[in-house]
Amino acid sequence: VSPQNLTIVGKIECKYCAMDNTKFVAAIQMDVAIGDLQKNLKAIVASMNRVSQQNIFLCCFPECAISGYCFDSLEEAMDAALDTGDQLFQELVSAVQDFQVNVVCGFLERGDGNVFNSAALVTRSGGVHVYRKTHLPFLGVDRFSTPGDDRSLQVFDVDGVRIGMNICYDCSFPEPSRVLSLAGADLIALPTNWPPGASLTADYVPNARALENNVYFMAVNRVGSEGGFDFIGKSKICHPDGHDLAFADHAREEILIAEIDPVVARQKRIVRVPGKHVIDRFKDRRPEMYKQITAEKRRMR
């Protein structure tokens, strides 16, 4: 990523903000070479080096950033899959320690003869937390992947910021983001590979997930071509009130940087007009009305 493609978004003024709470996060919109794990990791580490010079707390890379996405068989995908103990994955862990920047990065995970479309949260304190994509579209490697289970929907406290992860198609369902938010997430990171046809999703859905849960939401897409698909970019970082803090509204490599404050995400009761207009989307929920959501799946006509 070239220096001229570094976008820095300043502090968003808010009555709940406190300077000692704020941190900078970075979304790395990058190209990915399918199956070339060493090349991709080299690019990832180079971007980590870049953002470490900007006092970044967390940087997020796209879905399958280490492996590529458009594999045509389970065998091909397995060849590009990693265990977190593999040397190449440990190089990512070492880079986190070297640059002292926390990372969310998409990769293909190998386990028990299966391939999972996963994202790893690697922390500078030495933690490695893995999320496995739970909603799988009929597209790319997801045709051959094994879905994660509800144990994937966890929130991790990293230096005082509570972070949850989803991957790409997961954001098309409101429930995973709500589960993470109810578990206390301040920030949801969404590595993604949005192809043509996903433009409206990229434009609006991250903002909706941020607004409806009052959380920061990072959607980090890739660019470039792979397997006949031209990936559309459109990465963004959203404020808990739903507006864009930063938006790469194009399909070029770019680094987006925005400032976040977990105190803002935790203030679920929004007073717009004292005594006349108060919004509290968590207190005002009606879970007893939502039983149909978790009922056994029914065939849709």
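Cut-offs used in this document
- Position numbers for residues start from 1 in each chain and track the written sequence from start to end.
- At least 70 in pLDDT is required for a residue's local features to be given in this predicted model, at least 80 for side-chain atom pairs to be given and counted, and no such filter applies to totals for whole chains, interfaces and linings, which use all residues.
- Side-chain numbers come from the whole structure's heavy atoms, not from hydrogens or water.
- Runs of H or I in DSSP of at least four residues are treated as helices and runs of E of at least two as strands, each being numbered from the N terminus.
- In this treatment the radius of gyration is a C-alpha quantity, and the globule benchmark scales as 2.2 Å times the residue count to the 0.38 power.
- Partly exposed residues are those whose accessible area sits between 20% and 50% of the maximum for their type, while under 20% is buried and over 50% is exposed, using a 1.4 Å probe and protein chains only.
- Here the open area of atoms and residues is found with the Shrake-Rupley method and a 1.4 Å probe, where only the protein chains shown may cover a residue.
- His is not counted, nor are the chain ends; Lys and Arg add positive charge and Asp and Glu add negative charge.
- Charge positions come from single atoms, namely NZ of Lys, CZ of Arg, CG of Asp or CD of Glu.
- Contacts are assigned to residue pairs that have any heavy atoms within 4.5 Å of one another.
- Distance and chemistry together define a polar contact, namely a pair of N or O atoms within 3.5 Å, with one atom able to donate a hydrogen and the other to accept it when in protein, and with adjacent residues in sequence counting only for side-chain atoms on both sides.
- For our purposes a nonpolar core is just a set of buried Ala, Val, Leu, Ile, Met, Phe, Trp, Tyr and Cys residues, chained together by side-chain atoms within 4.5 Å.
- Note on pairing: two strands pair once DSSP finds at least 2 bridges between them.
- Between 30 and 60 degrees the pair is tilted, below 30 it is stacked and above 60 it is edge-to-face, where a pair is any two Phe, Tyr or Trp rings, Trp via its six-membered ring, whose centres lie within 6.5 Å.
- Note on geometry: a ring has a charge over it if NZ (lysine) or CZ (arginine) is within 6 Å of the ring centre and within 35 degrees of the ring normal.

Caption draft 1: Up close: the overall build of the protein chain. The helix and strand tally for the protein chain stands at 6 helices and 17 strands. Over its C-alpha atoms the protein chain spans a radius of gyration of 19 Å, differing by no more than 12% from the 19 Å that the globule rule assigns to 301 residues. With the C-alpha coordinates of the protein chain rotated into their principal frame, the extents come out at 60 × 55 × 35 Å. Here the protein chain holds 301 residues, and 50% of them are scored as buried. A total accessible area of about 13,800 Å² is found for the protein chain, and carbon and sulfur atoms account for 50% of it. Distance between charge centres in the protein chain, computed from 33 positive and 38 negative side chains, equals 9 Å.

Caption draft 2: Representation of the environment of R266 within the structure. Within the fold, R266 resides in helix α6 (residues 262-266). When its relative accessible area of 36% is taken as the criterion, R266 is described as partly exposed. Each C-alpha atom, one on R266 and one on D186, is 6.7 Å from the other, the two residues being 80 residues apart in sequence. Residues in contact with R266, not counting those within four places in the same chain, are G160, V161, R162 and D186. A distance of 3.0 Å separates the side chain of R266 from the backbone oxygen of G160, its partner in a polar contact.

Caption draft 3: Spotlight on the nonpolar core. If you look at the biggest cluster of nonpolar residues, it comprises 46 residues, and the most contacted ones within it are L58, W194 and M218. Setting aside anything within four residues of it in sequence, one finds L58 in contact with F24, V25, A26, V101, N102, V103, V104, L121, I163, L187 and M218. Core analysis: the next-biggest nonpolar cluster, separate from the first, contains 40 residues, A26, I66, A81 and V141 among them.

Caption draft 4: Seen up close, the pairing of strand β8 (residues 161-165). Burial analysis of β8 places 4 of its 5 residues in the buried class, which makes it a mostly covered element. Of the pairings in the sheet, the one linking strand β7 (residues 155-158) to β8 comprises 4 bridges and is antiparallel in character. Residue F156 lies in a different strand from β8, and its bridge partner there is I163. Note that β8 and strand β9 (residues 187-191) share 3 bridges and pair parallel. If you follow I163 over to β9, its bridge partner there is L187.

Caption draft 5: Broad picture of the packing of aromatic side chains. Under the criterion given, the structure shown has 2 aromatic pairs. Arranged with centres 5.2 Å apart and planes meeting at 50 degrees, the rings of F89 and F107 form a pair that is tilted. A residue pair is termed long-range when its members are at least 10 positions apart, and F89 in helix α3 (residues 87-99) and F107 in strand β4 (residues 102-111) qualify at 18 residues. Summarising the aromatic geometry, the rings of Y169 and F173 are spaced 5.2 Å apart at their centres and angled 85 degrees between planes, so their arrangement reads as edge-to-face. Over the ring of F247 we find K236, and its NZ or CZ is 4.2 Å from the ring centre.

Caption draft 6: A look at the pairing of strand β11 (residues 223-226). As judged from the 4 bridges shared by β11 and strand β12 (residues 229-232), these two strands associate in the antiparallel manner. For G224, the partnering residue across the bridge sits in β12 and is F231. Turn length for the β11-β12 hairpin, with the two strands adjacent in sequence and antiparallel, is 2 residues, and the turn residue G227 shows positive phi of about 60 degrees.

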